[in-house]
Amino acid sequence: MKNILVTGGAGYIGSHTCLELLNSNYGVTVVDNLSNSSTEPLRRIEELTGKKIDFIQMDIRDYRGLCSLIKEKSFYAVIHFAGLKAVGESVAMPIEYYDNNVYGSLSLFRAMRDNGLNKIIFSSSATVYGNPETVPITEDFPVKAVNPYGRSKLFIEEILKDIAASDSNWKVVILRYFNPIGAHESGRIGESPKGIPNNLMPYITQVAVGRLPELNVFGNDYPTIDGTGVRDYIHVVDLAKGHLSALDNIDRLDSLEIFNLGTGRGYSVLEIVKAFEEESGKKIPYKICSRRPGDVALCYADASKAKALLGWSAKKNINDMCRDSWNWQSKNPAGYCEQ
Ligand code: NAD
Ligand code: WQD
C-alpha cells in the first residue's frame, strides 16, 4: 500500500481528498495544525470508509517534526494543501500569510529533500491568473497575482519550478483550482468556514439555512451574461479525484507539470442562485451591491490539458454542486461546530 502524506488534510479540499485516497486503498497520514479546521472531518471519514487516518497535529513550519515523521514512515508522495486562503485577510496580514504559506512550504520541501521524498502535488489557485485578458484560461496564460494570498501561491510555484530544475528526480504537480464548491454526497463532510463566509456558495447556504438574512451580490454591471461575475465552479469531489489522477500518473509526467482543474464552464452569480433555489427549494433573497475590490468579470478554465495528460475531467454539473452543498449545510447547519 502506498502511503501519502497530506498536509492540511483536515480542511475542506483536503478532507474530501483523504476520503478518495482511502477509497482507492492509499494509506493516509494527515499533518494539520488545525488553525482552520478540527479533527471532526477525519473522524467522519474513518466512519464513512471504515479505515484509519494517521493524524498528527503539527505545523508545517516545524521542520524537525516533519523530518522525524518522514523518516519514520515511508511515504510515496506528499499532497500539500496546508495554507491560509482568505484573500482579504492576506491584505491585512501579509507577513502571516507569507510566513505560513511560503515559509511553511519551504520547510516542507526542505524536509522532503533531506529525507529522500521527492514527489509532491501542490494546491495552487486560478487566482494566479489575476485579471485574464481572455477566457477560457490555459496554463500558459501570463500569471499576475493581485493580493498577498495569490502572490504566496505564485512564489511557491516559482520555488517548486526551481527545485524541479535543480534535480530531475523530483516530480512536481501544480494544480490550479478554479472555484471548489459542493460536498461529499453523504452530507457528512463539507465546507465549514469560520465566521461570515467570504465565498459565494457558503454564503448562499447560510442564507438558505437562516444564519444570514440575504446575499449581497457584488456588482451587476460586469460585461457578462447578466452583469454579475462569472466563475468556473467545480465540485469538490471531482477536484479530490483530480489529485488521485495526478498521483496515478505522476511517474509518467515530466519533472514539473501545471494543470488547471475546472469544468471549463462559467456560471454567473445569479445563475448559481437560480440553480441553488431549484435544488434546495429555498428562496435566496439578495440585493445588488457595489463591486468587490479585486474581483474580475470572467474566470473559467480550459481544462483540456488535465484531460489529455491525466485522463481527468469534471463529471458533476452545477445542479449536483448546489444539491450537495445544500445537503451538507441542511444536515450540519452550524458546520462542524455544533458537534
Ligand atoms: P482549508 O482552510 O479548509 O484547509 C487548509 C488546512 O490547512 C486547514 O485544515 C488548516 O488548519 C491547515 N493549515 C493551515 N496552515 C497550516 C500550517 N502552517 N501547518 C499545518 N496545517 C496548516 O482550505 P481549503 O479550501 O481546503 O484549501 C486547501 C488548499 O487549496 C489551500 O492551500 C488553498 O490555498 C488552496 N485553494 C483553495 C481554494 C478554495 O476556494 N477553497 C481555491 C484554490 C486553492
Ligand atoms: C465568486 C463570485 C463574487 C460572495 C476566491 C478567491 C480565489 C479562490 C477561490 C483560493 C464573484 C461573487 C461572492 C458574495 C457575491 N480561492 N460573490 N457575493 O472571488 O472567484 O475566488 O475563491 O484560492 O483565490 O479569490 O470566489 O466565491 O468569493 O466569488 O456576489 O457574498 O461571487 O463577486 O463574482 P472568487 P467567491
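Preceding this paragraph is the structure being described.
Nothing here was measured: the structure is a model prediction, and the numbers come from that model.

A. How the structure looks around the sheet that holds strand 4 (residues 75-80). The seven strands are arranged 3-2-1-4-5-6-11 in an open sheet whose pairing can be described as parallel. In the strand order of this sheet, the two ends are held by strand 3 (54-57) and strand 11 (256-261), each with one partner. This sheet shows a mean twist of 20° between the axes of neighbouring strands, independent of strand direction. Sheet topology note: the strand 4/strand 5 (residues 119-125) ladder contains three bridges and is parallel. Note that in strand 5 the partner of histidine 80 across the bridge is phenylalanine 122.

B. Region of the structure containing the site of ligand 2. Of all residues adjacent to ligand 2, which total 19 residues, the nearest are Ser125, Tyr149, Asn216, Arg231 and Asp295. Within the contact set of ligand 2, an oxygen atom lies 2.5 Å away from a side-chain nitrogen or oxygen of arginine 231. A distance of 2.8 Å is found between an oxygen atom of ligand 2 and a side-chain nitrogen or oxygen belonging to arginine 292. For ligand 2, whose unbound accessible area comes to 680 Å², protein coverage reaches 87%. Residue assignment for the shell around ligand 2 shows that the elements contributing at least two residues are helix 7 (200-208) and strand 8 (215-218). At four residues, the largest contribution of residues to the shell around ligand 2 is made by strand 8.

C. Examining the packing of aromatic side chains more closely. Tallied over the full model, the rule gives four aromatic pairs. Between phenylalanine 276 and tryptophan 326 the ring centres are 5.9 Å apart and the planes differ by 85°, which places this aromatic pair in the edge-to-face class. With a gap of 50 residues between them, phenylalanine 276 in helix 9 (residues 269-280) and tryptophan 326 in helix 11 (residues 318-331) connect regions that are remote in the sequence. On the accessibility criterion, tryptophan 326 (14% relative accessible area) is buried. Of note, lysine 2 hangs over the ring of tyrosine 76, and the distance from its end group to the ring centre comes to 4.3 Å. Cation over ring: lysine 305 sits above phenylalanine 259, and NZ or CZ is 4.9 Å from the ring centre.

D. Expanded view of the nonpolar core. Membership of the largest hydrophobic core comes to 42 residues, with the highest contact counts inside it found for Ile4, Leu21 and Leu247. Not counting the four nearest positions on each side in its chain, isoleucine 4 is found in contact with Leu21, Tyr26, Gly27, Val28, Thr29, Phe75, Tyr76, Ala77, Ile79 and Leu247. Residues Met58, Leu108, Ile120 and Leu160 belong to the second largest nonpolar core, which totals 28 residues.

E. A look at the sheet that holds strand 14 (residues 298-299). Across the sheet, which stays open at both edges, the three strands sit in the order 12-9-14 with mixed pairing between neighbours. Two strands in the sheet have a free side with no partner beyond their single neighbour: strand 12 (267-268) and strand 14. Summarising the sheet, strand 9 (residues 230-231) and strand 14 pair through two bridges and their orientation is parallel. For arginine 231, the partnering residue across the bridge sits in strand 14 and is cysteine 299.

F. The arrangement of the layout of surface pockets in detail. Each pocket or cavity is described by its volume, and for the second largest pocket that value is around 160 Å³. As for the second largest pocket, its lining consists of Tyr129, Gly130, Asn131, Pro132, Glu133, Phe141, Pro142, Val143, Lys144 and Val146. Of the residues in the lining of the second largest pocket, the class split is six nonpolar, two polar and two charged.

G. The arrangement of helix 8 (residues 236-249) in detail. Taking 1.5 Å of rise per residue, the 14 residues of helix 8 would be expected to cover 20 Å, and the 20 Å separating its terminal C-alpha atoms lies within 8% of that figure. Among the 14 residues of helix 8, twelve are classified as buried, and the element is accordingly described as predominantly covered. Burial in helix 8 covers these residues: Val236, Val237, Asp238, Leu239, Ala240, Gly242, His243, Leu244, Ser245, Ala246, Leu247 and Asn249.

H. The environment of aspartate 62, seen in detail. Assignment of secondary structure puts aspartate 62 in the loop between strand 3 and helix 3 (63-72). Taking the C-alpha atoms as reference, aspartate 62 lies 25 Å from asparagine 169; in sequence the two are 107 residues apart.

I. Focus on the site of ligand 1. Taken together, 27 residues surround ligand 1, and among them Asp32, Asn36, Ser37, Lys85 and Tyr149 come closest. With respect to ligand 1, the backbone of isoleucine 13 contributes an N or O atom lying 2.8 Å from an oxygen atom. Residue asparagine 33 places a main-chain N or O atom 3.1 Å away from a nitrogen atom belonging to ligand 1. For the shell around ligand 1, the elements supplying multiple residues, two or more each, are helix 1 (12-23), strand 5 and helix 6 (148-166). The element that contributes the greatest number of residues to the shell around ligand 1 is strand 5, accounting for three residues. Here the residues of the shell around ligand 1 are counted per class, giving twelve nonpolar, eleven polar and four charged.

J. Representation of empty space enclosed by the protein within the structure. Under the defined criterion, the tally for this structure stands at two cavities of 30 Å³ or more. Estimates place the volume of the largest cavity at around 80 Å³. Every residue lining the largest cavity is listed: Tyr12, Gly182, Glu191, Met201, Pro202, Thr205, Ser325, Trp328 and Gln329. Put simply, the parts of the chain that give the lining of the largest cavity at least two residues each are helix 7 and helix 11. Of the residues in the lining of the largest cavity, the class split is four nonpolar, four polar and one charged.

How each quantity is defined
- Counting starts from 1 at the beginning of each chain's written sequence and moves along it residue by residue.
- For naming, the first written chain is A and the first written ligand is 1, with later ones following in the order written.
- Selection of residues for local features in this predicted model requires a pLDDT of at least 70, selection of side-chain atom pairs for listing and counting requires 80 or more, and totals for whole chains, interfaces and linings are taken over all residues.
- Heavy atoms from the whole structure form the basis of all side-chain values; hydrogens and water molecules are not counted.
- Only when DSSP finds a minimum of two bridges between them are two strands counted as paired.
- The numbering of helices and of strands both runs from the N terminus, where a helix is a DSSP run of H or I of at least 4 residues and a strand a run of E of at least 2.
- Axis angles are defined between N-to-C directions and span 0 to 180 degrees, where every axis is a line fitted to C-alpha atoms and, for a helix, only to the segment in contact.
- Proximity is defined per residue: if any heavy atom of the residue lies within 4 Å of a molecule or strand, that residue is considered near it.
- Counting of polar contacts relies on pairs of N or O atoms within 3.5 Å, with two restrictions inside protein: one atom must be capable of donating a hydrogen and the other of accepting it, and residues adjacent in sequence are counted only when both atoms are side-chain atoms.
- Each accessible area is a Shrake-Rupley result for a 1.4 Å probe, and residues are judged covered by the shown protein chains and nothing else.
- Pairing of aromatic side chains here covers Phe, Tyr and the six-membered ring of Trp, requires ring centres within 6.5 Å, and sorts the geometry by plane angle: under 30 degrees stacked, over 60 edge-to-face, intermediate tilted.
- Throughout this description, buried means an accessible area under 20% of the type-specific maximum (1.4 Å probe, protein chains only), exposed means over 50%, and partly exposed covers the range between.
- In this scheme, the term charge over a ring applies when either NZ of a lysine or CZ of an arginine sits within 6 Å of the ring centre and within 35 degrees of the ring normal.
- Side-chain atoms within 4.5 Å link the members of a nonpolar core, which is a set of buried Ala, Val, Leu, Ile, Met, Phe, Trp, Tyr and Cys residues.
- Contacts between residues were defined by any pair of non-hydrogen atoms, one from each residue, lying within 4.5 Å.
- A pocket here means an open set of points on a 1 Å grid, computed over the protein atoms alone, that has protein on both sides within 12 Å along at least five of seven lines. A cavity is instead a set of points where a 1.4 Å probe fits but cannot get out; residues with an atom within 4 Å of a point line either one.
- Grid points are joined across faces, edges and corners, and a volume is the space filled by probe spheres set on the points.
- By the convention adopted, Pro, Cys, Tyr, Trp, Phe, Met, Ile, Leu, Val and Ala count as nonpolar, Lys, Arg, Asp and Glu as charged, and the other residues, Gly among them, as polar.
- The span expected for a helix works out to 1.5 Å for each residue beyond the first.

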